[in-house]
Amino acid sequence: MVASVDSVAIKLYSNGSVQNSNGVEEKLDELRRLLGKAECDLLKIVGVGAGAWGSVFAAMLQDSYGHLREKVQIRIWRRPGRSVDRATAEHLFEVINSREDVLRRLIRRCGYLKYVEARLGDRTLYADEILRDGFCLNMIETPLCPLKVVTNLQEAVWDADIVINGLPSTETHEVFEEISRYWKERITVPIIISLSKGIEAALESVPHIVTPTQMIFRATRVPMENILYLGGPNIASEIYNKEYANGRICGSEKWRKPLAKFLRQPHFIVWDNSDLVTHEVMGGLKNVYAIGAGMVAALTNESATSKSVYFAHCTSEMIFITHLLAEEPEKLAGPLLADTYVTLLKGRNAWYGQMLAKGELSLDMGDSIIGKGMIQGVSAVGAFYQLLSQSSLSVLHPEENKPVAPVELCPILKTLYKILITRELPSQAILQALRDETMNDPRDRIEIAQSHCFYRPSLLGQS
């Protein structure tokens, strides 16, 4: 029996992929009903921040649901005025000409000539301009579908139903504080999904971690049940190119389950979990140790043995820290190690550590790097060190048999702090930390954590 061509809905995407669209409209209709949208009302989704993951996330939604124009509007906000330097413009031109589908699309949209002029140095391109054509400044080699870009923040968010936070943690509070001013007259409460993997430290009153979802709550007073976190072991460009991946959306049951269903795609499986803050913190923790991994790789000429020694020590420190942060840390072991593994393989934080150790980048250049975006691990090193150096959180040192701050049992974290934050040590010091004969067997550190009641709920702002 041969099926009719009309019986299967097929959609050809701008990146060349083909996907069966059966069920897509039903998923959208289901979410619209939950949000109380009338038949004639658009469901308005806006991404805030256009880094690699934020841009890919918006592009995935656009690819999946953008053809349903009468039911949903998907847009992305980024700041205007960021120029594209000539070297990047030349590289972008090479990428365009290597992809026939992209080349044809630009010619069809009468957009090709400006890239020719930019390559010749006769024109300056801007990040928001190329994003409209489907190019993220932090991910030039992965063309996306064209996106609807808004550079006015008030216009982007004032009536949005779902806001996707793609900002670094260092910018989240400031931007959402501005957003809150545009929401003063709102009747409905938006849903916010944060993609940010970074943390900040607060030392006043009781030392504790501040995560992006907590920053958003404090800035906007949107109820926490409407603020969720989505994370997982993934590389943005690979996800857009349909490499199989998974993520986990964390938060209240009211929204996480319907959103997991809405976001799920054949190549991107989304699970859900109630433990929002802990998953968010773990997303920031792996960035810390990824920088050190990059340094070790560069300094040892990619020695597999040295990298494995580092991995043993850094994972033992991460396990130690999770016992301070989580009541049931064993539940986090899989997601944390998976996220760490992919970041060490191809993440920007590991790349940053490599470039520092090779001398191709310097700390004076800051932690926002052209072509890569914000290196979240740098601020996370400072935050975790500040928190874990507080004497009020002291643990018993196994050899000295006296109370010490937890950071004293985390030599890799201490060394990274002295390299990246206080700049007391060069990158080569990370190797000395590994070769220190007095360092405990990483197994011992795990045993210490598992044999004591380490859990400190105050670190996550909980009583």
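All values reported here derive from a predicted model rather than from experimental measurement. (Residues numbered from 1 in each chain as written. Predicted model: local features only at pLDDT ≥ 70, side-chain atom pairs only at ≥ 80, totals over all residues. Heavy atoms only, no water.)

1. Description of the overall build of the chain
In step 1: Helix and strand counts for the chain come out as 19 helices and 18 strands.
In step 2: Relative to the globule expectation of 23 Å for 463 residues, the C-alpha radius of gyration of the chain, 23 Å, shows essentially globular dimensions.
In step 3: In terms of principal-axis extent, the alpha carbons of the chain reach across some 75 × 55 × 50 Å.
In step 4: Of all 463 residues assigned to the chain, the portion counted as buried reaches 56%.
In step 5: Within the chain, contacts between residues at least 6 apart in sequence are counted, and of these 71% link residues at least 24 apart.
In step 6: Entry remark: accessible area of the chain is about 20600 Å², with carbon and sulfur atoms responsible for 49%. (Helix = DSSP H or I, 4+ residues; strand = E, 2+ residues; numbered from the N terminus. Rg over C-alpha atoms; globule rule 2.2 N^0.38 Å. Buried < 20%, exposed > 50% of the residue type's maximum accessible area, 1.4 Å probe, protein only. Contact = heavy atoms within 4.5 Å. Areas by Shrake-Rupley, 256 points an atom, 1.4 Å probe, with all protein chains shown as cover.)

2. Remarks on the nonpolar core
In step 1: Among the nonpolar cores identified, the biggest contains 63 residues, and Tyr289, Tyr310 and Phe384 are the most heavily contacted of them.
In step 2: If you list the elements that add at least two residues to this core, you get α12 (276–299), α13 (304–325), α15 (348–358), α16 (376–388), α17 (411–420), α18 (429–435) and α19 (442–451).
In step 3: At 11 residues, the largest contribution of residues to this core is made by α12.
In step 4: The contact partners of phenylalanine 384, leaving out residues within four places of it in the chain, are Ile199, Ile209, Val281, Gly284, Leu285, Val288, Ile321, Leu325 and Leu413.
In step 5: Membership of the second largest hydrophobic core comes to 45 residues, among which are Val24, Leu28, Ala50 and Ile249. (Core = buried A, V, L, I, M, F, W, Y, C linked by side-chain atoms within 4.5 Å.)

3. Side note on unusual backbone geometry
In step 1: The phi angle at glutamate 302 is positive, at roughly 65°, despite the residue not being glycine.
In step 2: Structurally, glutamate 302 is set in the loop between α12 and α13.
In step 3: Of note in this structure, arginine 423 is not a glycine but carries a positive phi near 60°.
In step 4: Along the chain, arginine 423 falls in the loop between α17 and α18.

4. Brief notes about the sheet that holds strand β12 (residues 227–231)
In step 1: Pairing is mixed in the open sheet, where 8 strands are placed in the order β7-β4-β3-β8-β9-β12-β13-β14. Each having just a single partner strand, β7 (149–150) and β14 (268–273) make up the two edges of the open sheet.
In step 2: Across 2 bridges, strand β4 (residues 72–77) lies against β7 in parallel orientation. The residue bridging isoleucine 76 from the neighbouring strand is valine 149, located in β7.
In step 3: Sitting on the sheet, helix α11 (residues 253–263) is in contact with β3 (43–48), β8 (162–165), β9 (191–194), β12, β13 (245–250) and β14, with an inclination near 175° to β14. (Pairing = 2+ DSSP bridges. Axes fitted to C-alpha atoms, helices over the stretch in contact; angles between N-to-C directions.)

5. A word on the pairing of β3
In step 1: Among the 6 residues that make up β3, 5 are buried, leaving the element largely enclosed by the rest of the structure.
In step 2: Between the parallel pair β3 and β4, the chain is carried across by helix α2 (residues 52–65), and the sense of this crossover is right-handed. (Right-handed = clockwise from strand over helix to strand, strands pointing away.)

6. Quick word on the side chain of asparagine 234
In step 1: Following the sequence through the fold, asparagine 234 ends up in the loop between β12 and α10 (236–240).
In step 2: Contact partners of asparagine 234, with chain neighbours within four places excluded, come to Trp53, Lys197, Ile239, Asn246 and Val342.

7. A few points about the pairing of β13
In step 1: The element β13 is extensively covered by neighbouring structure, given that 6 of its 6 residues are classed as buried.
In step 2: Burial along β13 is two-sided: the residues Ala245, Gly247 and Ile249 and Asn246, Arg248 and Cys250 are all buried.
In step 3: Taken together, the 3 bridges between β12 and β13 define a ladder with antiparallel strand orientation. Bridging from a neighbouring strand, tyrosine 229 pairs with cysteine 250 of β13.
In step 4: Direction of pairing for β13 relative to β14: parallel, over a ladder of 6 bridges. Counted as the bridge partner of isoleucine 249 is aspartate 272 from β14.

8. Considerations on the state of the cysteines
In step 1: This structure, assessed with the given rule, holds 0 disulfides.
In step 2: Note on cysteine 136: no disulfide assigned, nearest cysteine sulfur contributed by cysteine 145 at a separation of 12 Å.
In step 3: By relative accessible area, which is 1% here, cysteine 136 ends up buried.
In step 4: Looking at cysteine 314, it has no disulfide partner, and the nearest cysteine sulfur is the one in cysteine 410, 11 Å off.
In step 5: Among the residues examined, cysteine 314 registers a relative accessible area of 0% and is labelled buried. (Disulfide = S-S within 2.5 Å.)

9. Things to note about the environment of isoleucine 193
In step 1: Along the chain, isoleucine 193 falls in strand β9.
In step 2: On a C-alpha basis, the gap between isoleucine 193 and threonine 340 in space is 22 Å, while along the polypeptide they are 147 residues apart.
In step 3: For isoleucine 193, the residues in contact, after removing those within four places along its chain, are Ile162, Val163, Ile164, Asn165, Leu228, Leu230, Ile249, Leu259 and Leu263.

10. A look at the packing of α12 against α17
If you want to describe how two helices pack, look at the angle between their axes and the distance between the axes.
In step 1: Where α12 meets α17, the axes come as close as 10 Å, and the angle between the chain directions of the two elements is 75°. Classified by the angle their axes make, α12 and α17 are roughly perpendicular. For the pair formed by α12 and α17, the contact residues are Val288, Tyr289, Ile291, Gly292 and Met295 on the first element and Ile412, Leu413, Leu416, Ile419 and Leu420 on the second.
In step 2: Of the residues assigned to the contact of α12 with α17, the class counts are 9 nonpolar, 1 polar and no charged. (Parallel < 35°, antiparallel > 145°, perpendicular 65-115°, else oblique. Nonpolar A, V, L, I, M, F, W, Y, C, P; charged D, E, K, R; others polar.)

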